[in-house]
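# Structural characterization, general
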Amino acid sequence: MQLLKHTAQIGESAAICMIAERLVNISRLSESLIIQNTTFTDFGFLKNLEVIDQYIEETESRANLIITKNLKLKSLGFSVKTNGITIDISENPKLCISPQEIVKLTDDKQAADKIFDVTICEDMEMPIGYCIIPKSGLLKDLPEYCLYIFGDLIIDENFNFQNSYKLAGVVKIFGSLQIKNTKLRTGSIFPTLFTIYAIKHDHPALEISNNKYLSDMFDVRLISQVYR
């Protein structure tokens, strides 16, 4: 079912609830959707949305669903079907997204997706291999056998090589990788790392600085998969 012929904006107007009610049973939109400055805590009214046909031409990311500046938003309340929707999320300070949702929202085929300024929610049902950076920030506290890492991974002068084996199977980082002030010579501690996906505006996906011995960091596979 298609609903709109023009870009829809859900914002501060009194018609917010009425528009939300109309969207509950919609699976397809003919135009893009912008949700901003609302008081919703979640967007459960988008639970059936599967396809948006047109991109917002003015945006750098060419997203067709933009969620921004919703100060009370705590969770998305819906699961995006990534084949039909390109999403741009930013400036929603209370928004918390589980690792599973982050993975679904950042499909490899959709490099245009941007998920910024969100908090990673700890989820007791995280699949094996999903690892959140521990509060201590120490590698010794990171679980073993990680495939996906969520948060800011910092490799610095205090890096513990005894625990570097925990990084051997990591293929994606959702957050940032910061390598600074180390004596590393190569990137051999990341033999399988393929993608780094930034989730904070003020944290570059990859930051490498002041490593005077570092001469060979990554092969070209990774550099082509750094999303900002």
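Note that this is a predicted model, so its numbers are computed, not measured.

With that settled, consider the state of the cysteines. In total, this model carries two disulfides according to the counting rule given. Disulfide partner of Cys96: Cys121, at an S-S distance of 1.5 Å. Placement of Cys96 in strand β7 (residues 96-97) and of Cys121 in the loop between β9 (119-120) and β10 (130-132) is noted, with a sequence separation of 25 residues between them. If the cysteines joined by disulfides in the protein chain are listed in sequence order, their pairing comes out as 1-2, 3-4.

The subject of this paragraph is the environment of Asp141. In this fold, Asp141 is placed in the loop between β10 and β11 (148-155). Relative accessible area serves as the criterion here: at 36%, Asp141 is assigned to the partly exposed category. For the pair Asp141 and Asn163, spaced 22 residues apart in sequence, the C-alpha to C-alpha distance is 9.2 Å. A distance of 2.5 Å separates a polar atom in the side chain of Asp141 from a polar atom in the side chain of Ser136.

Here we come to the confidence of the model for the protein chain. Detailed reading of the predicted model is not advised wherever pLDDT is low. On average, residues of the protein chain carry a pLDDT of 82, and 80% of them reach 70 or more. Mean pLDDT values for the elements of the protein chain range from 52 in helix α3 (residues 220-223) up to 96 in β10. Residue range residues 1-6 is modelled with pLDDT below 50. Its contacts to residues more than four positions away, or to other chains, number 18 contacts.

A separate point is the layout of surface pockets. Using a probe with the size of a water molecule, rolled over the atoms, empty space left in the structure can be pinpointed. The calculated volume of the largest pocket comes to roughly 230 Å³. Taken together, Ile133, Gly137, Leu138, Leu139, Lys140, Asp152, Leu153, Ile154, Asp156, Asn158, Phe159 and Asn160 make up the full set of residues lining the largest pocket. Tallied by class, the residues present in the lining of the largest pocket amount to six nonpolar, three polar and three charged. Residue lining of the second largest pocket: Val118, Thr119, Ile120, Glu122, Ile132, Phe150, Gly151, Asp152, Gly175, Ile199, Lys200 and His203, and that is the complete set. Of all the secondary-structure elements, those providing two or more residues to the lining of the second largest pocket are β9 and β11. Ranked by residues supplied to the lining of the second largest pocket, first place goes to β11 with three residues. Tallied by class, the residues present in the lining of the second largest pocket amount to five nonpolar, four polar and three charged.

Going residue by residue along strand β5 (residues 65-68), you find Leu65 and Ile67 tucked away on one face and Ile66 and Thr68 tucked away on the opposite face as well. Examined bridge by bridge, strand β3 (residues 33-36) and β5 share four bridges and lie parallel to one another. Across the sheet, residue Ile34 finds its bridge partner in β5, namely Ile66.

Positive phi, close to 60 degrees, is recorded for Lys69, a residue that is not glycine. Looking at the secondary structure, you find Lys69 in the loop between β5 and β6 (87-90). Despite not being glycine, Asn210 shows a phi value in the positive range, around 55 degrees. Here Asn210 is to be found in the loop between β14 (206-209) and α3.

So, how was this worked out
- Residue positions within a chain follow its written sequence, with the count starting from 1.
- Given that this is a predicted model, residues contribute local features only at a pLDDT of at least 70 and side-chain atom pairs are listed and counted only at 80 or more, while totals for whole chains, interfaces and linings are drawn from all residues.
- In computing side-chain values, all of the structure's heavy atoms are included and hydrogens and water are not.
- Two cysteine sulfur atoms form a disulfide, by the criterion used here, when they sit within 2.5 Å.
- Where helices and strands are cited, they refer to DSSP runs of H or I of at least four residues and of E of at least two residues respectively, numbered from the N terminus.
- When accessible area is computed with a 1.4 Å probe and restricted to protein chains, residues below 20% of their type maximum are described as buried, those above 50% as exposed, and intermediate ones as partly exposed.
- Under this definition, polar contacts are N or O atom pairs within 3.5 Å; protein pairs additionally need one hydrogen-donor-capable and one acceptor-capable atom, and for neighbouring residues in sequence, both atoms have to be side-chain atoms.
- For every residue, the predictor states its confidence as a pLDDT score lying anywhere from 0 to 100.
- Two residues form a contact once any of their heavy atoms are found within 4.5 Å.
- Points on a 1 Å grid over protein atoms alone make up a cavity when a 1.4 Å probe fits among them but cannot get out, and a pocket when they form an open set with protein on both sides within 12 Å along at least five of seven lines; lining residues each have an atom within 4 Å of a point.
- Grid points are joined across faces, edges and corners, and a volume is the space filled by probe spheres set on the points.
- Under the scheme applied, nonpolar residues are Ala, Val, Leu, Ile, Met, Phe, Trp, Tyr, Cys and Pro; charged residues are Asp, Glu, Lys and Arg; polar residues are all the others, including Gly.
- Pairing between strands requires that DSSP locate at least two bridges from one strand to the other.

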